[in-house]
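# Geometric and topological summary
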Amino acid sequence: MKTFNCPNCQNPIFFENTQCEKCFTHVSYNPMTESFEANEQLQPNDLCKNQSLNICNWSVAGSHQENFCLACSLNREVPNPKDLNGFDKWENLEPAKHRLIYQLLKLKLPIFSKLEKENGIAFDFLSENNKQKAVTGHANGVITILLSEADSVHREVLRKQMNEPYRTLLGHFRHEVGHYYWDLLFDENNIDKCRAIFGDERINYGEALQNHYKNGAPTKWNENYISEYASSHPWEDWAESWAHYLHLMDTLETANAFGVSFKLKKYPLKNLTKAICPNPYETTSFKTIFDSSVALTCMANSLNRAMGLSDIYPFVIPKAVYKKLNFIHNVLSNYSSIS
Ligand SMILES: [Zn+2]
Ligand SMILES: [Zn+2]
Ligand SMILES: [Zn+2]
């Protein structure tokens, strides 16, 4: 993500801020200009309605709905703010969702609400004990996230149980929206190229998942997939790879915004140029993005270890996965150049 500044005093501002910490100006994020504006320069109805609940700091710029910002206009089912337990979790979900929308705009992907167009996106944030037995997932543009996922203790228990190296709310959003854009990006004219990389998605999805949960991933899955779950079905492989592409792009954009560069000549950074990490959204070559990301994640993991934390990017990308990420890069580059 980019870095932002206070519109009044230019002090750095974080993406989630509602107020400048130096001059105390109240600010709103404008997703169209990728910058913060002073609320005193805006009309009251320029602010997203969810600002009053303290779960959004965006203006309605670029939104198709009058009252809500582009990110909040995609919400369909959310907890009642009076349900304090549910609201607490919703509050944790929104920053991740807003980051997702920021990135979808960067990738020049279409974003519209299912409430206005049948093939749009809708977010349902549901509790587990509702009647229909909700699960986190995607179906026809509806992205369901279980509120319990927003409980960090519960999420960590699941992560351990499922033997996952990484489980975050942002990761969930990136994965699930990957299913949505698969539907949007592929049809009979271009599906063959996708099948050649990810396999034939026409194999029975339900059976494939059952089989995965019963028998686990194939041995040596890590030579072909980014995660064990990616090996369950071509759709999951796509969504997992897509999420990783988004991880790499966002971390690299952040490094670029901070002017991070590498000068080490020794392993493992030996192949790196001395230039600043590139802005990935302006980089045509996936190899450049990838090489910079390898160095960056290596550095970031080392920083985390210096603080006694686990790696921020606990993955190794084998050749087969590189090809998948490169394919996604090409699909998105072609898509943004024609739209
Ligand atoms: Zn300021
Ligand atoms: Zn909003
Ligand atoms: Zn999935």
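Residues numbered from 1 in each chain as written. Chains lettered and ligands numbered in written order. Predicted model: local features only at pLDDT ≥ 70, side-chain atom pairs only at ≥ 80, totals over all residues. Heavy atoms only, no water.

## Quick word on the overall build of the protein chain
This is how the line gets drawn: By definition, any uninterrupted DSSP run of H or I lasting at least four residues is a helix, any uninterrupted run of E lasting at least two residues is a strand, and each is numbered from the N terminus. The buried label goes to any residue with under 20% of its type's maximum accessible area, the exposed label to any with over 50%, and the partly exposed label to all in between, with areas taken from a 1.4 Å probe on protein chains only. Note on definitions: a residue-residue contact is assigned when non-hydrogen atoms from the two residues lie within 4.5 Å. Note on areas: Shrake-Rupley with a 1.4 Å probe; residue coverage comes only from the protein chains shown. The convention is simple: Lys and Arg are positive, Asp and Glu are negative, and His and the chain ends are not counted. For this purpose, a charge sits on NZ of Lys, CZ of Arg, CG of Asp or CD of Glu.
Across its full length, the protein chain holds 8 helices and 8 strands. Principal-axis analysis of the C-alpha atoms places the extent of the protein chain at approximately 60 × 55 × 45 Å. Classification of the 339 residues of the protein chain by burial places 48% in the buried group. For the protein chain, the proportion of contacts with a sequence separation of at least 24, taken over those separated by at least 6, is 58%. For the protein chain, the accessible area works out to roughly 18,000 Å², and carbon and sulfur atoms hold 51% of it. Mean positive and mean negative side-chain charge positions of the protein chain (34 and 38 charges, respectively) differ by 8 Å.

## Some thoughts on the coordination of the zinc ion (ligand 3)
Threshold: In this listing, donors mean N, O and S atoms no farther than 2.8 Å from the metal, or 3.2 Å for Na, K and Ca; water is missing from the atoms, so a site can look incomplete.
In this structure, His 175 (NE2), His 179 (NE2) and Glu 236 (OE) serve as the protein donors to the zinc ion (ligand 3), at separations of 2.0 Å. All donors to the zinc ion (ligand 3) come from one chain, and their sequence spacing reads H-x3-H-x56-E. Of the two residues, His 175 and His 179 both sit in helix α3 (residues 169-185), 4 residues apart, roughly one turn of that helix. Owing to a relative accessible area of 12%, His 179 belongs among the buried residues under this scheme.

## Considerations on the nonpolar core
If you look at soluble globular proteins, the nonpolar side chains tend to sit buried side by side. Stated formally: Take the buried Ala, Val, Leu, Ile, Met, Phe, Trp, Tyr and Cys residues and link them wherever side-chain atoms come within 4.5 Å; each set so joined is a nonpolar core. Either an automatic procedure or a domain database provided the assignment from which the domain bounds are taken.
Within the largest apolar cluster, 77 residues are counted, with the highest numbers of intra-cluster contacts made by Ile 101, Tyr 181, Trp 238 and Trp 242. No fewer than three residues from each of domain 1 (1-59) and domain 2 (71-185) sit in this core. Once residues within four sequence positions are removed from consideration, Trp 242 is found in contact with Leu 109, Arg 174, Val 177, Gly 178, Tyr 181, Leu 185, Ile 328 and Leu 332.

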